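# Descriptive analysis of the structure
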Amino acid sequence: MKKIGPPVDRVDGPLKVTGGARYAAEVPVARVAHAVLVLSTIARGRITGMDTGKAERAPGVLAVITHKNAMHLPPQPTRETRASQGDHVLQLLQDDHVLYNRQPIAIVVADTFERAQHAAHLVAVRYEAAPVDVDLLRTRTAARAPHPPYHGTVAQTLPVESRRGDVAAALAAAAVRVEEVYTIPAETHNPMEPHATIAVWHGPTHLTVYDSTQGVFEDQRKLAASLGLPRENVRVISHYIGGGFGTKGAVWSHVPLAAMAAQKVGRPVKLVLSRPQMFGPVGARPQIEQRVVIGAGRDGVLAAIRHEGRSSVSQFDQFCEHFTAPTRALYKCPNLDTTERVVSLDIATPCQMRAPGEVTGTFALESALDELAVKLAIDPLELRLRNYAETDPETGRPWSSKSLRQCYQTAAEKFGWSRKKPQPRSMVDGKLLVGWGMATATYPANVRPASAIATLFADGTALVRAGTQDIGTGTYTVMTQVAADALGLPVEKVRFELGDTDMPETPTSGGSCTAASVGSAVHQACLGAREKLARLGNGGGADPSVDEPFAAQLARHGMKRIEARYDAKQLETRDRYAMRAFGAQFVEVRVDPELGEVRVSRAVGAFAAGRILNAKTARSQLLGGMIWGISMALHENTVYDPKLGRIMNNDLSEYLVPVNLDIPAIDVLFVPEDDPYVNEIGVKGVGEIGITGMAAAVANAVYHATGRRIRDLPITLDKLL
Amino acid sequence: MREIRYLSVAAEGPAIRALQADTDATYLAGGTSLLDLMKLEVLNFAQLVDVNAIPLTKIEVSNDGARIGSMVRNSDLALHPEIAARYPLLSEALLSGASPQIRNMATVGGNLLQRTRCYYYRDPSTACNKRNPGSGCAAIDGYNRNHAILGTSDHCIATHASDMCVALAALDAVVHTQGPGGERHIPFAEFHRLPGDHPEIESVLQHGELITAVSLPPPTGLRQSRYLKIRDRASYAFALSAVAAALRIEGNLIRGARIALGGVGTKPWRAVEAEQALVGKPANRATFTLAAAETVRGARTRPHNAFKVELTRRAVVRALSTIRGAS
Amino acid sequence: MRSFPLRDARGRLVSLHDVRGRPTLIAFASRLDLEARRDQFRGELRSLGAALIVITRETIALLAPDDDVETLELVGDGGTDALFAHFGVKPGADGAHPLGLFVVDGDEAVVWQQIATSAGTDDTEELLAALRRAATLRQEASSAAQPLFNRREMIVTSLAGVLSVVFLERLGWARSPAPPAPTGATTSITLQVNGVTHKLDVEPRVTLLDALREQLGLTGTKKGCDHGQCGACTVLVGGRRIDSCLTLAIMHQTQPITTIEGLANGNGLHRMQAAFVAHDAFQCGYCTPGQIMSAVAMLEEGRVRSESDVREQMSGNLCRCAAYPNIVAAITSVMGKG
C-alpha cells in the first residue's frame, strides 16, 4: 500500500488557493434570484400579524413568503416517524407558532442580494410572546429521559443509562472520593462558510440543489420528504464545503425554504445565511451539566464511577448528548452508573458538534480524574496507567487494536512530562505561572455502509466516484490515494469525484466515518474493476507473467472503458471487537496571576487511529481538533439573553474562536497502529479525536498553574481574578 | 442596507454643503463602522457623502506637537516614524485595535466616532435608547459582560469601543472641525458626551460638521508610556479593560502622570483623580495601587461586568509598574 | 443531469460525467452536420480538451476528441424543443434557431454562453471556425500541466475565457446575456480588477465584495461574516489589504484591485499559493484566499521579524479549521526564500 500514507498534497489544493474551488453559493446559475430569511425576534409565542406590504413593494422584490402564503407541505416527522438522527422537525412556514428565537418566519426573494436583504428588514411582525426558559443551569424545568430513538452520535444508537456492579456500595467503601459538577455552555459551530443553498427546479417535480452539506443523501432524503417529492426527483450537489463540524450534518429549515422560494418565483434561488443567522436555527452544542463521582483506593485504582448529567434540547425535537460514552469505555472500573437526561428549553434544536458526547464527557471525566490524582498525590499519567483497560470494560470484548499506552509514552516523552513539579504554582516563567496538564483522548471507530464506482479508461486513467463529501477533511485526496493504490496507478492518473446524489450512496460525513467507510468502498470498487479486467482473459497473447498495464489490456480487447461498482457492507468482525481510537493530550499554559489571562504555550498530542491514509491531511485534522479543544477550554460560549431567549453574541467579533496569535506550536504525533479488524483498509478516522480530552488537559494545566480548578467552561480571565 | 444616494467630494466645502442640504446624510470615510451598522440597519442614512477624496491625509510633527489629518488611516498613523517615536502610546493603542485590514481602512476621523459593540445596540429587534431613543435598555438587565462601569446612566451602559481614543484622551488631543458655522477646536475631554438622558447623542459634533484634524500637544515627559489592553483572546478582540498610561519620573518621584481607560467607560475615560493621586508620590506599587483604586471610584456594575472593577485596578497597577520598570 | 437526460445507442443513460475529465460544449442549431466535418471538429476539440454535444431539432450527437460521433436520444417527453427552450435558444422571425453555444462544467452549470442573433447560412462552418480560433488562443495561453483532478476545472475556466474573446471578435453574435440589470437606481461604475477593466451597473450600496462575487463572478474572494470580523474577504486595493465587505464598490474606481484570481498573474501559482498547498495551510479552504491575500500584503508591509509577528499580523484572518500553525509555516517558508 505505497500510495497510502505519504503526505501527498491535497489534490484540490491548487483550486482552493486560486479561488477556483466553487462552494455552494458560487455555482453560476442563470437567472438566479436572491433570498433572505426573516427570523423571529421572540423565542416563544405566536405571530399575530405580519405586514409584508412594504417589503413586497420594495424595488426588485419577487416574493415575500410567510405562513399565510407558503405552499402546503407534508407533516414534519414525529417521535415515531423520524427517519434518522439528522431528521429534524423543521420550521417551514406552515403555521404561526414561534418555538425559538431566530426561527424562520418568512423568506424574501428579490433580483439582487441587496434588495432582498433590505426588504427582509421591511417585514413588520407582531407577536404574542410568552415567557421563555433558555438557561439549563437556572431552569426549573425537570430533566427527563430522552425519547427514543436516542438522537446520538453517528453509527450507533447509544444507551442513555448503563449499570454495572454496585456503585453505591463501592463508593461507600472507597478510601477516597471525588464528586464534582462540570458545566459547558452552548457552543456554535461557525464554519467559515455560512450555510448556503441554490435551488433549481426543472419543471414542477424535479429539483436540483447546490448545498453546503456534510451529507448529500441525507439532504436529498429530507428535501424529498419535506416537499413531498419522490427521492429520485431530487438531486443534491456539494463539491466544496467551507467547513461543517456537525452543523451541516443535518438539514435545517433554510434548505427546503430555498426550494419553496424557487418554486414560488419560478426562478432558481440562492439563499445564504448571514453570520448572525448562524446562531440559532442551524444547531449548536447543547448546554451541558455533568456530575462525576469517583471512588478509588489509596493506590488510585478505581472502585466506582457515577457519571450523570443533563443537556439542553428544544421543545419540539430530539437530541441527546451522549457524554457518558467515553466513561463507559475508557478505564477499567468494576462499578459504573451512567445516566443521561435532557431538559426541554425554548431554544432551537441542538445537534452534533465535533466529537459530540466524547468531547463533553471527557472534559468532565478527565477533569475529575485529575482532581483524584491531586487528592491522592499520584501523577495524573500514572493514575491513568493504573486503570488501563486492556479490554472493553463494558462488554469485555477485546479491542480490535489499542495503542493508548504507546500514546501516553510518546506524548509524555516529547512533552517532557517527567520534569513536572507536582505542586500547583510551583512552575514559573518570569511573572507568569506555568501549568502542565494532560488528559486521555478517545473516539469510536465508526463505519457505515458506503458504495463507490470505479471506471478504468483506455488512456490509462481512472475515474472513481462516490457521493460523499470533502468538508476540508481531505476526502478528495485520500480517496485518490486509496484508488491509486488499489489500481497500481500514480495518483496523477486518478480522478476522484464526489458530492453528488447521482453517484453511489455514502454516509453523511460525521462521526469520523468517511475515510473508513468510503475508503473501504473505493478500495473494493477498484479491486472489482481490476478483477473484471482480469476475467476478460488473456486473449491478446500478452505474457501473463507480466503485470500488463490495464490501458494495454483494454486496448487489446478493443474496449474504451471498464467499470465496477461496490456496495459496502458492515464487517462481521465488528461484533467481536470493541473499536476505538485513542490518544494522549499534554498541554502547557501560561497564566498571568494578576490579570488572569491564560495562553496555551505548548501542546503535544499523540494518537493511534489505525492506518493513516495521508500523514499531511491527517495531521491537519488532528491539529485542528486540538485547537478546537483549546478554543472550547478558553473561548467558546454562546450566550442567551435570559428574557429574550436570543443569542446575543451572534457574530465572529463576540463569539470568540482563536485567532492566529492565540495558537502556539503544537506537536501532533502518530503512533503506528495496524488494525486488521476495523475495516478493509484498517482506518479508524481522525476528524474528531483531536478535540477530545483537550479541554480537560487545558483546565488541568490551569489548575496546576494557579491552584484554581475551573469546572465551568470557558476558562475566561474573570474566573481567575 | 437601505437604498442610498452616493456622492463623492474632493473638498471640505462641497462636503459640508451636501450635508447641509440633507439632514438624512452623513460622511463616509473608512466605512468600517458606518457600513457595518448600515448593513445591520442600525444606522439608516439616505445619503452617504464620500470624503475619501478630500486630501486631509497629512501628518505633521514638530516641536510644537503634532497635527494629524482626519483622513489618515489608522495603520499609517501607527507606523509613522515620528508618531511612533514621540507618541508611542498612540501607536501602541492603534496597533492593538481591530486587524491589519481594518486599520488600513479606518480613519482617524472615523475612529473618533466609532460606535459601541453593545450586543443590543447592534440588534434592531431589541430595546436600545442609543439606537431608538425612548425604547429602553435591554442591556441593563440582559447580558452585559462587555458593558461600561464608568459614566453609565439608567438609560445606557454601552462601552465606547475605540482604542485610539483612549490614547488621545491621555494625550490631551484637540479635535479640529469645519462646519456650517466655521471652524471649531474641541478639547478631547469635551468631544464625547456621557449618555445621560440622551445616549443617542455621542459627541458634540453638529450635523454637517466635518472633522478635519486631530492635534496633539508636545509629548513633554510622556514618552514613558504603556497601552495595556486586556481581552479574551490575544488579538483582534475588543478590550475588557484597557489602560493608557504615561509617567514622568524624576528621581523616585512622579512628576507627571496621565491615565485613561478603555473598555470600561461610556466614553474614552480620562482618570484625572488617579493622576492627581500619583503626582508628587514615590513611584512604587503602593502609590500605583492607591491610584488604581481612584480610577474605578464610583463604578456602577451589572452582574456580568462586575469583574471589570478589579480587573481595571490590576491593569492600572500593571501598566504603571511596567513603565516604572522600563524607566 | 435531469434537465438533460440522454441515452446512448445501447440504451444506457449518459450523464455529462461520462464525458469524464472534460468540459463540455453544447451547441444548439437549426442545422449542423457534425459527421461531415468530423475529423476537423475532433482536431479542434482535442486542442481544447473539450467534448461537444450538438443539438438540432432532429438529433443529438456527442463527439469526444478520441471517439466517433455518438447519437444520443433524449429520455422522456418534450423532445429537443424542450431543450431549446430550457437553454433559452429561441427561433428567429424566420422560424430557424440561431446558433447557441454553451460551456458546461463539472457542476453541469453553464459557465459561459453565447447565442447568435439569428441563424447563420452555414452554422457548421461557423462553429468550426469559432472552435479553431478558440483552440489557437488556448494554445497561446496554455498553462502548465495540471494533475488530473484540476484539469477539468482549469480547462473550463480557460475555455470560457478564450471563447469570450472569440465571440467578442466575431460579428453576428449577440452579447452574452449578463445577469438581468436590476431596474432602478443603479450607477455605471468601472473597476480595475486583476488588470482588467470592468464596467458594471450597481446600486451604490453594493459592497466591493458583493460586486466581485455576484457581478463579476470572481467568487474566490469569500464572504464569511460580511462585517469585518473574519478576513475571508481580504483583497488588495492599491496594494493594501482591506476587508472588501466593509467598503462599497463605487468607492474604488480609481485604484487597482487584486483578488486571489489575479494573484499569480497568469503564471501558475504565486509562491504564497504554492506554499499554502505544500504546508497544508488549510482544510476546507474557505478562509484561504483571504489568508493568502493577507499574507502577501503582510510581507509587502515589511514589519515581520519573527513567527510571533506573523501570528499577530495574520490575526485578522480567522480559520475555523484552525490551520494556524500550518499557515505560519507556509508564510515563514516564503519569507525564508526572500
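Basis of the calculations
Residues numbered from 1 in each chain as written. Chains lettered and ligands numbered in written order. Predicted model: local features only at pLDDT ≥ 70, side-chain atom pairs only at ≥ 80, totals over all residues. Helix = DSSP H or I, 4+ residues; strand = E, 2+ residues; numbered from the N terminus. Rg over C-alpha atoms; globule rule 2.2 N^0.38 Å. Buried ≥ 20, exposed ≤ 12 C-beta atoms within 10 Å, placed from the backbone. Contact = placed C-beta atoms within 7 Å. Nonpolar A, V, L, I, M, F, W, Y, C, P; charged D, E, K, R; others polar. Pairing = 2+ DSSP bridges. Axes fitted to C-alpha atoms, helices over the stretch in contact; angles between N-to-C directions. Right-handed = clockwise from strand over helix to strand, strands pointing away. Parallel < 35°, antiparallel > 145°, perpendicular 65-115°, else oblique. Left-handed = near helix turned anticlockwise from the far one by under 90°. Core = buried A, V, L, I, M, F, W, Y, C linked by C-beta atoms within 7 Å. pLDDT = per-residue confidence, 0-100. Arc of directions from axis to C-beta. Domains from an automatic or database assignment.

When you go through chain A residue by residue, the secondary structure sums to 15 helices and 24 strands. Compactness check: chain A gives a C-alpha radius of gyration of 26 Å against a globular reference of 27 Å for 721 residues, within 12% of the reference. In terms of overall dimensions, chain A has C-alpha extents of about 80 × 70 × 50 Å along its principal axes. Per-residue burial over chain A gives 66% buried out of 721 residues.

Once that is clear, we can look at the interface of chain C and chain B. Taken together, the contact between chain C and chain B spans 24 residues of the former and 20 residues of the latter. Counting only elements with at least two residues in the side of chain C that touches chain B, the list comes to strand 12 (240–243), helix 7 (288–301) and helix 8 (307–313) of chain C. Take the side of chain C that touches chain B: its biggest share by element is four residues, from strand 12 of chain C. Its residues assigned to classes, the side of chain C that touches chain B comprises eight nonpolar, nine polar and seven charged.

This part covers the sheet that holds strand 24 (residues 666–670) of chain A. In sheet architecture, strand pairing relies on hydrogen bonds along the backbone and comes in two forms, parallel and antiparallel. Residues and elements named next belong to chain A. Spatial strand order, 16-17-22-23-24: five strands in an open sheet with mixed pairing. The open sheet has two edge strands with one neighbour each: strand 16 (427–429) and strand 24. If you compare each strand with its neighbour and ignore which way they point, the axes differ by 25° on average. With three bridges joining them, strand 16 and strand 17 (residues 432–444) adopt antiparallel strand pairing. The residue bridging Met427 from the neighbouring strand is Val434, located in strand 17.

With that settled, the discussion passes to the interface of chain A and chain C. Every contact between the two is made by 72 residues of chain A and, on the other side, 67 residues of chain C. Elements represented by at least two residues in the side of chain A that touches chain C include exactly helix 1 (13–18), helix 3 (113–122), strand 10 (206–211), strand 11 (234–237), helix 11 (475–487), strand 20 (494–497) and helix 14 (615–634) of chain A. When grouped by side-chain class, the residues that make up the side of chain A that touches chain C number 32 nonpolar, 23 polar and 17 charged.

All names here are of chain A. With respect to burial, strand 23 (residues 598–608) is a largely interior element, eight of its eleven residues being buried. The hairpin formed by strand 22 (residues 580–591) and strand 23 contains six residues between the paired strands, and Gly596 there has a positive phi angle of roughly 80°. Direction of pairing for strand 23 relative to strand 24: parallel, over a ladder of five bridges. What sits directly across from Gly605, in strand 24, is Val668. What joins strand 23 to strand 24 is helix 14, and the crossover it makes is right-handed.

Our focus in this paragraph is the packing of helix 11 (residues 285–295) of chain B against helix 12 (residues 307–326) of chain B. All names here are of chain B. Here helix 11 crosses helix 12 at 140°, and the two axes come no closer than 8 Å. By the angle between their directions, the pair helix 11 and helix 12 is classed as oblique. In the crossing of helix 11 with helix 12, the sense of the turn from one axis to the other is right-handed. Here Arg285, Phe288, Thr289, Ala291, Ala292, Ala293 and Thr295 of helix 11 come into contact with helix 12, specifically with Thr312, Arg313, Val316, Val317, Leu320 and Ser321. Tallied by class, the residues present in the contact of helix 11 with helix 12 amount to seven nonpolar, four polar and two charged.

In this structure, A:Val108, A:Ala261, A:Val464, A:Ala483, A:Phe607 and A:Val698 are the most contacted members of the largest nonpolar core, which totals 419 residues. Apart from the residues within four sequence positions on either side, A:Phe607 is in contact with A:Cys407, A:Ala441, A:Ala581, A:Gly583, A:Leu622, A:Phe670, A:Val671, A:Val686 and A:Ile689. Core analysis: the next-biggest nonpolar cluster, separate from the first, contains 33 residues, C:Ala29, C:Ile60, C:Leu99 and C:Ala135 among them.

Now for helix 3 of chain A. For helix 3 of chain A, the buried fraction is high: nine of the ten residues fall into the buried class. The set of residues buried in helix 3 of chain A consists of A:Phe113, A:Glu114, A:Arg115, A:Ala116, A:Gln117, A:His118, A:Ala119, A:Ala120 and A:Leu122.

The next point concerns the confidence of the model for chain C. Residue and element names in this part refer to chain C. With 74% of its residues at a pLDDT of at least 70, chain C reaches an overall mean of 81. This stretch, residues 141–147, has a pLDDT under 50; its non-local contacts, to residues over four places away or in other chains, come to nine contacts. Among the scores for the predicted complex, ipTM is 0.97 and pTM is 0.92.

Another aspect to go through is the sheet that holds strand 19 (residues 462–465) of chain A. Residue and element names in this part refer to chain A. Strand order in the open sheet made by the four strands is 20-19-18-21, with mixed pairing throughout. Both edges of this open sheet fall to strand 20 and strand 21 (561–567), since each of them pairs with a single strand only. Shown here is a sheet whose adjacent strand axes are inclined to one another by a mean of 15°, direction ignored. Judged from the four bridges that link them, strand 18 (residues 451–457) and strand 19 form a sheet pairing that is antiparallel. Note on strand 19: the bridge partner recorded for Ile453 is Arg465. Helix 11 rests against strand 18, strand 19 and strand 20 of the sheet, and its axis sits at about 135° to strand 20. Running over the sheet, helix 12 (residues 514–535) touches strand 18, strand 19 and strand 21 and is turned about 140° from strand 21.

With that settled, the discussion passes to the environment of C:Thr56. All names here are of chain C. Here Thr56 lies in the loop between strand 4 (51–55) and strand 5 (60–63). Between the C-alpha atoms of Thr56 and Arg38, which are 18 residues apart in sequence, the distance is 16 Å. Look past the residues within four positions of Thr56 in its chain and what remains in contact with it is Ala29, Ser30, Arg31 and Leu32.

Here the focus is the pairing of strand 3 (residues 24–28) of chain C. Residue and element names in this part refer to chain C. With respect to burial, strand 3 is a largely interior element, five of its five residues being buried. Side chains Thr24, Ile26 and Phe28 of strand 3 all project onto a buried face; the interleaved residues Leu25 and Ala27 project onto the opposite face, where all are buried too. Across five bridges, the pairing between strand 3 and strand 4 is parallel. Residue pairing across strands places Thr24 opposite Ala51, the latter belonging to strand 4.

All names here are of chain B. Of the positions making up helix 1 (residues 12–20), those classed as buried are Ala15, Ile16, Ala18 and Leu19. Viewed along the axis of helix 1, the buried residues span an arc of 155°, placing them on a single side of the element. Residues of helix 1 that are buried sit in contact with strand 1 (5–8), strand 2 (25–28), strand 3 (47–50), strand 6 (174–179) and strand 8 (210–216).

This part takes up the packing of helix 6 (residues 271–278) of chain C against helix 7 of chain C. All names here are of chain C. The N-to-C vectors of helix 6 and helix 7 enclose an angle of 130°; their axes lie 10 Å apart at closest approach. As judged from the angle between their axes, helix 6 and helix 7 are oblique. For the pair helix 6 and helix 7, the crossing hand works out as right-handed. Counting all contacts with helix 6, which are made through Met272, Gln273 and Phe276, the residues of helix 7 involved are Thr288, Ile292, Ala295 and Val296.

The next thing to look at is the confidence of the model for chain A. Predicted confidence across chain A gives a mean pLDDT of 94, with 96% of residues reaching 70 or more. Confidence drops under pLDDT 50 across residues 151–155 of chain A; counting only partners more than four residues distant or on other chains, this segment forms 24 contacts.

As a further point, take unusual backbone geometry. In the segment running from A:Leu713 into A:Pro714, the intervening peptide bond is cis, with an omega of -5°. Within the secondary structure, A:Pro714 sits in the segment after helix 15 (694–706). For A:Ala355, which is not glycine, the phi dihedral falls at a positive 60°. Here A:Ala355 shows up in the loop between strand 15 (335–344) and helix 8 (358–376). Unusually for a residue other than glycine, B:Glu41 sits at a positive phi of about 60°. Inspection of the secondary structure puts B:Glu41 in the loop between helix 2 (34–39) and strand 3.

With that settled, the discussion passes to the domain arrangement of chain A. All names here are of chain A. Segmentation of chain A into domains returns domain 1 (13–20 + 448–569), domain 2 (31–131 + 192–243 + 248–278) and domain 3 (161–187 + 284–446 + 576–720). The C-alpha-based centres of domain 1 and domain 3 are spaced at 38 Å. Across the contact, 17 residues belong to domain 1 and 17 residues belong to domain 3. Listed by contribution, the elements that provide at least two residues to the side of domain 1 that touches domain 3 are helix 11 and helix 12. The element contributing the most residues to the side of domain 1 that touches domain 3 is helix 12, with six residues. Taken together, the residues that form the side of domain 1 that touches domain 3 break down as five nonpolar, eleven polar and one charged.

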